[in-house]
Amino acid sequence: MSAALPERRTPEIFPADTRRAEPHIPWAGEAAPPPARPAPATVSSSEAGFETDAPAAAASAFFAPQTQALLDRLADLLRRPDAPSPFAIGLTARAGAGKTSALNWLADKLAGSGTTAVVTLKASELAGEPERALAAALYRTLSSRHGALAQEAAQEGAHFGADPATLARIAQERLDSVRRKLVSEKQALAQTETRRAALKETLLYDTPGTRVDAYARKVRSAVEPRLRRFGFNGEPLGVFKDLTRDVNENSGLIRRALTGLRALYAYRGQTRLLVWSALSFAANRGVTWLALNKAVWLGVIASAGSIGVQTSDFLQGRLDWLPMVAQGFALIALALLGLNIWRAFDFMQPLVHAAGLLDEDVAAKRHEIDQNVAHHARNVERLGVEADALARKAEEAERRAAGANRNPPAFMESDEAAQKRAAALGFLESLSDLLTRGTIAGAPRKVAVAVDGFESVSAPAALFTRINDLLARPGLVAVYALDSRLFDAAPGALARQIQLPLRLDVDDGREPVALAPLDAPFSPLETRLAAALAPLAGDSPRAQKRLRNLLRFLRPGPDAHSGVTAALALLIAAEIGASPADREVLARALADASAGFAPQGSATLQEALANAAAVDGPISRDDARRAAALARHVMLENRA
């Protein structure tokens, strides 16, 4: 990619040559009519009646009919895939005549175009460091819709005019920095995930003031004797939290209820109660059997002989207490079982409640932890992608540095600010190259850069020249809102830098002239007129191109009055190449009240008029004035 700026040339509106055009015109004629003013906004009766001085919105901007037709024509030109570039357009008018409104209107019309992207800037934004400010504005605007184009241009532009070894070192430093951040983020992610995994233990043991901690301390005096009765002799608060954790690990009501059943047998004293209860039930069953089957077992005793008979007779009248004994054993068994259940409930109730409080604490804290985990995970992913991209860039920079001069001369060394300016210029060069080649799918073919507000900077002419030089690259179209009075010190320079001026404050009340289709080829008559008036415009290729461009942009339609096209070609050629004295003669001829149109006092104009008349016949005064009203739209200043 060449570091040199492209040679400035004036392209055709439908170009054979796509390199940069140069300025255009101011032209003369009758006294300038009053500037066209925006239509007043409708003010409701409830409002104060004052109107804002802000530019009109694009949808409500109002211009004179001929000016509006030319703005539509300009928008159509810029939307075309074959729009010329580099190309500079000037929307000129005095202060308050609608330059900003027209610029906004034009940007709004181009915004929906798939072939032309639009970037709108203020001159004050470019006054400090035009290269960097312009590159940054283009990058920001294009990256939102055409990211691949912006990234490719930025990547290539970074190598523009810089020492490859320095760039390789900077790329490696950036890669090392991103990798350190990536390692740090991975460690933070691992720590946060560990905290999430140990969240219950942290809330239980290491976080004072939680709900479960406050509850445990509140019931400590009541729970401590229960713990000791159940054989837990450690520090009561710690033991209580351990048991709470065990209960909490079984989530759900049913699982926690099943966990609570362990309290019936698993702790000290509970098994003994269950055993004694079971023995009591067994005794109850045994005594009940004896009471119900006295005849059976007394008969067995009696069958043992005389002693057995005597024993059986003795017991026969003394066994009425057996049912009462059976009931007693049953009551003892139930009492022991109830005591077991009560002890288990009394022990588990605070643990279950504490487990529920722990659930609430965990739920409240988990959301924050999950957000931290997600944050670190996103950072790890982003830094990983960035590290991969930087690794590729560092490798490419090392490859470039390997083939470059290892000992560059001292004048190649530059400070950081100079390197950034060089990178900005490189971005513009790379963007121009990518736009011209059209190798990136979905990217626009042109970028229109609209610049407004030159009135607000201290040296508008110098800033305009610098910006115009930066935008003098294929693929870029510059659209400026200008007041030509800001450039009175160098009007010729402005004319060379603007290829297509469009005056906005021109309206003489005439009926708008219907214009020929923009892409229609020159008719044989128009071709002969351009050739006949070429000597008046000038012998340089630039002047010839300007004549054809302005004639193509302003030429009337086929239904226009005979002689208007010839007069228009004459006036445009005079604006491009005639001397100030000749233009004054032309202005007097237009203002003359006589029926004919004869610029007396200038041999050059009379010869040009004769050449035009030889092609299209005589030019009447009305035709000349009608053409002058149209040609006045492409003058940079009013010389009336």
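Residues numbered from 1 in each chain as written. Predicted model: local features only at pLDDT ≥ 70, side-chain atom pairs only at ≥ 80, totals over all residues. Heavy atoms only, no water.

**Digging into helix α20 (residues 541-554)**
Taking 1.5 Å of rise per residue, 14 residues should cover 20 Å, and α20 covers 20 Å from first to last C-alpha, within 8% of that figure. For α20, a buried count of eleven out of 14 residues is recorded, marking the element as mostly surrounded by other parts of the structure. For α20, the complete set of buried residues consists of Ala543, Gln544, Lys545, Arg546, Leu547, Asn549, Leu550, Leu551, Arg552, Phe553 and Leu554. (Helix = DSSP H or I, 4+ residues; strand = E, 2+ residues; numbered from the N terminus. Expected span 1.5 Å × (residues − 1). Buried < 20%, exposed > 50% of the residue type's maximum accessible area, 1.4 Å probe, protein only.)

**Quick word on the pairing of strand β5 (residues 500-503)**
Along any regular strand the residues' side chains alternate between the sheet's two faces. Residues of β5 alternate between two faces, with Leu500 and Leu502 on one and Pro501 and Arg503 on the opposite face, all of them buried. Bridge count for strand β1 (residues 87-92) against β5 is four bridges, and the pairing is parallel. When the bridges of β5 are listed, leucine 91 appears paired with leucine 502. (Pairing = 2+ DSSP bridges.)

**Describing the pattern of salt bridges**
Opposite charge on two side chains permits them to pair, given that their charged atoms come into close proximity. What the rule picks out here adds up to 21 salt bridges. For glutamate 131, the salt bridge identified is with arginine 466, shortest N-O distance 2.6 Å. With glutamate 131 in helix α4 (residues 130-145) and arginine 466 in helix α17 (residues 460-470), this residue pair connects regions lying 335 residues apart in the sequence. When its relative accessible area of 11% is taken as the criterion, glutamate 131 is described as buried. Residue arginine 466 is classed as partly exposed on the basis of its relative accessible area, which comes to 27%. One connected set of salt bridges, linked through shared partners, spans Arg80, Asp82 and Asp519. (Salt bridge = Lys/Arg side-chain N within 4 Å of Asp/Glu carboxyl O.)

**Here's the deal with the nonpolar core**
In this structure, Leu74, Ile89, Leu91 and Phe597 are the most contacted members of the largest nonpolar core, which totals 71 residues. At eleven residues, the largest contribution of residues to this core is made by helix α21 (residues 564-577). If sequence neighbours within four positions are ignored, phenylalanine 597 has contacts with Leu570, Leu586, Ala589, Leu590, Leu609, Ile619, Ser620, Arg621 and Ala624. Leu126, Leu149, Phe454 and Ala478 belong to the second largest nonpolar core, which has 42 residues in total. (Core = buried A, V, L, I, M, F, W, Y, C linked by side-chain atoms within 4.5 Å. Contact = heavy atoms within 4.5 Å.)

**What about the packing of aromatic side chains?**
Two measures describe an aromatic ring pair: the distance that separates the ring centres and the angle between the ring planes. The tally for this structure, following the rule as stated, stands at four aromatic pairs. Taken together, a centroid distance of 6.1 Å and an interplanar angle of 70 degrees make the contact between tyrosine 139 and phenylalanine 427 edge-to-face. Taken together, the positions of tyrosine 139 in helix α4 and phenylalanine 427 in helix α16 (residues 416-437) put the pair 288 residues apart, joining distant regions of the chain. Overall, phenylalanine 427 belongs to the buried group, its relative accessible area being 5%. Taken together, the ring pairs connect Phe454, Phe464 and Tyr480 into an aromatic cluster. Against the face of phenylalanine 553 rests arginine 73, its NZ or CZ located 6.0 Å from the ring centre. In this structure, arginine 552 packs its charged tip against the face of phenylalanine 522, placed 4.7 Å from the ring centre. (Phe/Tyr/Trp six-rings, centres within 6.5 Å; stacked < 30°, edge-to-face > 60°. Lys NZ or Arg CZ within 6 Å of the ring centre and 35° of its normal.)

**Structural notes on a nonpolar patch on the surface**
Residues Phe281, Leu331, Leu334, Leu337 and Ile341 make up a contiguous nonpolar surface patch of about 440 Å² in total accessible area. It is helix α15 (residues 322-402) that provides the largest number of residues to the nonpolar patch, a total of four residues. Tracing the backbone shows leucine 334 in helix α15. (Patch = residues over 30% accessible without salt bridge, like charges linked within 9 Å, V, L, I, M, F, W, Y side chains within 5 Å. Areas by Shrake-Rupley, 256 points an atom, 1.4 Å probe, with all protein chains shown as cover.)

**A look at the sheet that holds strand β4 (residues 476-482)**
A sheet is described by the order of its strands in space; here five strands give the open sequence β2-β3-β4-β1-β5, paired in parallel fashion. Every interior strand has two partners, whereas the edge strands, β2 (116-122) and β5, have only one. With strand direction ignored, the average angle separating the axes of adjacent strands in the sheet is 15 degrees. By the bridge criterion, seven bridges tie β2 to strand β3 (residues 446-452) in an arrangement that is parallel. Opposite lysine 122, over in β3, you have aspartate 452 as the bridge partner. Contacts between α17 and the sheet are confined to β1, β3 and β4, with β4 contributing the most and set at about 160 degrees to the helix. (Axes fitted to C-alpha atoms, helices over the stretch in contact; angles between N-to-C directions.)

**Thoughts on the confidence of the model for the chain**
Note: predicted coordinates in regions of low pLDDT should not be interpreted at a detailed level. Chain-level pLDDT for the chain is 78 on average; 83% of the residues reach the 70-or-more range. When pLDDT is averaged over each element of the chain, β4 comes out on top at 89 and helix α11 (residues 253-260) at the bottom at 66. Here residues 16-37 scores under 50 on pLDDT; set against residues more than four positions off or in separate chains, the count is 113 contacts. Segment residues 40-46: pLDDT under 50, and four contacts once partners within four positions in sequence are set aside and those in other chains are kept. (pLDDT = per-residue confidence, 0-100.)

**Section: the environment of asparagine 372**
Tracing the chain through its elements places asparagine 372 in helix α15. Sequence spacing of asparagine 372 and alanine 188 is 184 residues, and the spatial spacing of their C-alpha atoms is 9.3 Å.

**Considerations on the side chain of arginine 625**
Considering the arrangement of structural elements, one finds arginine 625 in helix α24 (residues 621-631). Overall, the relative accessible area of 18% leaves arginine 625 in the buried class. Reaching out from arginine 625, the side chain makes a polar contact with the backbone oxygen of leucine 590 at a distance of 2.7 Å. At a separation of 3.5 Å, a polar atom in the side chain of arginine 625 contacts the main-chain carbonyl oxygen of alanine 591. (Polar contact = N/O pair within 3.5 Å; in protein donor to acceptor, adjacent residues only side chain to side chain.)

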